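# Tertiary structure, described
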Amino acid sequence: MVGRKTVIIGAGVVGAALADELSALGWTDITVLDQGDLPATGGSTSHAPGLVFQASGSKVLTELATYTVEKFVDLQHEGNSCFLQVGGLEVATTPERLAELHRRHGWLTSWGVEAEIVDVDRCLELHDLLDRDAILGGLYCPTDGLAKAVWAVDAQIERAKARGVRFLGRHEVTDITVENDQVTAVVTNQGEFPADIVVSCAGIWGPKVASLVGLDLPLTPLAHQLAWTGDVPKQKGQTQEALRPILRHQDSGLYYRDNFEGQGIGYYHHKPMPYLATDIRSMEEADKTGHMPSVMEFTPEDFEPAWAETQRLLPSTAETKVEEGINGLFSFTTDGMPLLGESREVKGFWVAEAVWVTHSAGVGRAVAEWIANGYCESWDIHECDVNRFEAYQVAPDYVLERDCQNFREVYDILHPLQPMDSPRDVRLSPFHAREVELDAFFLPANGWERPHWYGANAGLLDRFEVPTPNDWAAKYWNPIVGAEAQATREGVAMYDMTALKRINVTGPGVVDFLQKLCTNDIDKTVGAVVYTLLLDVDGGIRSDITVARLGKDHYQVGANGELDIDWFERHLPEDGTVQITDITPGTCCIGLWGPKAREVLATITDADMTNDGLKYFRAKKLTIGNVPVTAWRLSYVGELGWEIYTTADLGQRLWDTIWEAGQEHGIIAAGRGAFNSLRLEKGYRSFGGDMTNEHDPYEAGLGFAVKLDKGDFLGRDALIERKANQTRTLACLTIDSTEDVVLGKEPVFAGGEPVGYVTSAAYGYTIEKGIAYAWLPLEVAEVGTEVEIGYFDKRVPAVVTAEPLFDPKMTRLRG
């Protein structure tokens, strides 16, 4: 036997894929348990309609789907492919939806999937049941299709069995034993199974299984309607299960698939029907009733709007009727992403949950690589990490409300900045009351209400000209954004930076600890501030952080989120010489930036804030008015100033003190919209958007934050190898058009061919050009190269431009 002793809970499409992929990596001491019969175990896999559409705004979801398609096409079950590659067609019945299909086409192009926008004639050629007068066009992806989920389970089980994996049906998990925060065994109704690693692939039962080790899994099973019609006249005599593309009519929450002589219809626009995992029918009850646990009773009254719309869109269905239907349970999460990874609290307990058939084989491979190698080699999966959530985001009421909202919005046209309607006002900074007084427009960030602009600054529009972008870019935007950006460059502004994660890292072992994790040299004098990166073992970027040494054994870290805390905690020395503390809830931060920032502070602190008194990238403790603070001399907007930190109880007093002192200097409060524009003018990167785990520092333009000569650090050896084999880079593009502001994830074309994709974008109000950062091949990224950005149905001209676009000599920052 090779590999650690592993027990997988759940033999559905995810558990079977994981067993197959993990055993293919040489791990064979694997037992897969399921409470149902194999291969149709009674979970979501057993009733899933099997539609696989690859289009997604999430790069990793498309990549996981594409791998699933490719694997299932080749996977054989009794001589038949486990994937019917009939293609996928999404149709538009409104101009707004047609525009959205162009955007989705852009995503597919960005992520390397073949697709095309098709006219009405082509839609009818592909799918002859459609009513010509009902549609305006469509998006066609020829590699989409129908996954034969149970076949795929059976085929993967057989492959894994051939490598020595054991599968046991009718084994209900009743407990998971844990000793010294490490899993040791899985207990079932038929005995105990020792384990070093336990992976929950239990789907709709995931929260129930996770609770056995004290893990709150933010997942809700929700019922989704699926119906099957009788014979449709135009399909009469069809002997193949599916000939037409799978079909989406998203404006009405509908999808369709051939089913020999009839149609299968899925529907999302009914009311959310959530269930507790503990209330799902047991296998014993299922045996008695003859209904699998994941299938609830069909509610025809909820389906009536779907059937009426179906007969309008597909007129031939008017001559048949709905023969049968179910309300089938599927998993939903608060952000629409899967839940993957190892528990922070219990070593060896992993989850691969909230995974639909669409992404199942990809998830199997990703988690197998993660378990066997310590990281996922194939894709960046940080968006799926189960440890990404703040504590409030796993509160039961929050999870239920967000999951139900995600169900309602599953097919909606959603703007990148569009917030959830509820819950709001979950986390409020100490400055919130003052921001409300200034008529702030808020958007949530990690639960914090963060100002995007301030209505009180409308008068600035008399001083500054602000161009208006296209309608899509103008959503969640106001011309005040541009005025605030220009006012910051000319005067001074206050920015609420409270939403950013703040961590104290302390203890006698802290220097060695951080040196081993950070790419930069953090063993500096007290008061030094260092920008650095965290890498995985493959040299990919885990995060970018700012580290300030506030004492001999005390560092404060400006981080990106919960995953940074998780990363630190997983690498803590066992001798207890390092402590990690999240200080975000009890602290706050104001960014005071602009050429007049020093003048504002001059009257409210006795500290020397000159260049000699506090140099660039240094920090010190001081008092502003009667508020003790720590000031870091750095700026994410490219202007003179400081990040000023204090405790939450003194936050409002700090705001008032700075605000009052700044009145004679024309101080304003400025929002995140201005911040984003200013940081792109300076070329400052944002982790999760501009670079992720799949990128290394050199290709991301962050080689300056790597000190290879400082000694060993995590990922160093792999990074040296990657440095010698660069093929791509994060390039700065500028756009002359004031209207054609892009937003991110759009494809980039060179010579008419797709070559990359946009990460971050905004209008630069100082340079008076649009800005877009994009991943491009090195040969395309030469300064002066002309490219095009695919924006909806347009090609926007852009040019590769040297960066930074503003103040390249850094005179304003260091002044």
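Structure: above.
Bear in mind the structure is a predicted one, so any value in this text is a computation, not a measurement.

With that settled, the discussion passes to unusual backbone geometry. The omega torsion across Ser422 and Pro423 is 0 degrees, close enough to zero to call that bond cis. Mapped onto the fold, Pro423 is located in the loop between α11 (396–408) and α12 (432–437). Of note, the bond from Glu803 into Pro804 is cis; its omega dihedral lies within 30 degrees of zero at 0 degrees. For Tyr476, which is not glycine, the phi torsion reads 55 degrees and is therefore positive. Along the polypeptide, Tyr476 turns up in the loop between β25 (448–454) and α13 (479–490).

Our focus in this paragraph is the layout of surface pockets. Quantified by volume, the second largest pocket comes out at close to 820 Å³. Forming the walls of the second largest pocket are 30 residues, and the residues nearest its centre are Glu342, Lys347, Glu569, Arg570 and His571. Listing elements by their share of the lining of the second largest pocket, those giving two or more residues are α10 (360–373) and α15 (562–570). No other element matches α15, which puts 4 residues into the lining of the second largest pocket. Across the lining of the second largest pocket, the residue classes break down as 9 nonpolar, 8 polar and 13 charged.

Another aspect to go through is the pairing of strand β7 (residues 88–92). Within β7, 5 of the 5 residues are buried, which leaves it mostly tucked inside the rest of the structure. Residue alternation in β7 divides its side chains into two sets, Gly88, Glu90 and Ala92 and Leu89 and Val91, and both sets are buried. Here β7 runs beside strand β9 (residues 137–141); their pairing, made up of 5 bridges, is antiparallel. Across the sheet, residue Gly88 finds its bridge partner in β9, namely Cys141. With 3 bridges connecting them, β7 and strand β17 (residues 246–249) associate as parallel partners. Within β17, the residue paired with Glu90 across the bridge is Arg248.

The sheet built from 6 strands is open, its strands ordered β33-β34-β35-β32-β26-β36 with mixed pairing. Each edge of the open sheet carries a strand with a single partner, namely β33 (619–624) and β36 (668–670). Pairs of neighbouring strands in the sheet enclose a mean axial angle of 30 degrees, with direction left out of account. The pairing of strand β26 (residues 493–496) with strand β32 (residues 587–593) spans 4 bridges and is antiparallel. Across the sheet, Ala493 pairs through a bridge with Trp593, a residue of β32. Relative to β36, α13 is tilted by about 125 degrees, and along the sheet it contacts β26, β32 and β36.

In this section: the sheet that holds strand β31 (residues 579–582). Across a sheet, paired strands are connected by hydrogen bonds in the backbone, their directions being either parallel or antiparallel. If you trace the 5 strands from one edge of the open sheet to the other, you get β28-β29-β30-β27-β31, paired in antiparallel fashion. Every other strand in the sheet has two partners, leaving β28 (529–535) and β31 as the edge strands with one partner each. Each adjacent strand pair in this sheet contributes to an overall mean axis angle of 30 degrees, direction not counted. Across 7 bridges, the pairing between β28 and strand β29 (residues 541–551) is antiparallel. In the strand pairing of β29, Thr532 is matched with Ile545. Sheet strands touched by α15: β27 (501–506), β28, β29, β30 (554–559) and β31. Its angle to β27, the strand with the most contacts, is close to 15 degrees.

Moving on: helix α14 (residues 510–517). Of all 8 residues that make up α14, 6 are buried, and the element is covered over most of its length. Turning to α14, the residues buried within the fold contact β27, β28, β29, β30, α15 and β31.

Here is what the cut-offs are and how they apply
Residues numbered from 1 in each chain as written. Predicted model: local features only at pLDDT ≥ 70, side-chain atom pairs only at ≥ 80, totals over all residues. Heavy atoms only, no water. Helix = DSSP H or I, 4+ residues; strand = E, 2+ residues; numbered from the N terminus. 1 Å grid on protein atoms, 1.4 Å probe; cavity = no way out; pocket = protein on both sides within 12 Å on 5 of 7 lines; lining within 4 Å. Points joined across faces, edges and corners; volume = space filled by probe spheres on them. Nonpolar A, V, L, I, M, F, W, Y, C, P; charged D, E, K, R; others polar. Buried < 20%, exposed > 50% of the residue type's maximum accessible area, 1.4 Å probe, protein only. Pairing = 2+ DSSP bridges. Axes fitted to C-alpha atoms, helices over the stretch in contact; angles between N-to-C directions. Contact = heavy atoms within 4.5 Å.

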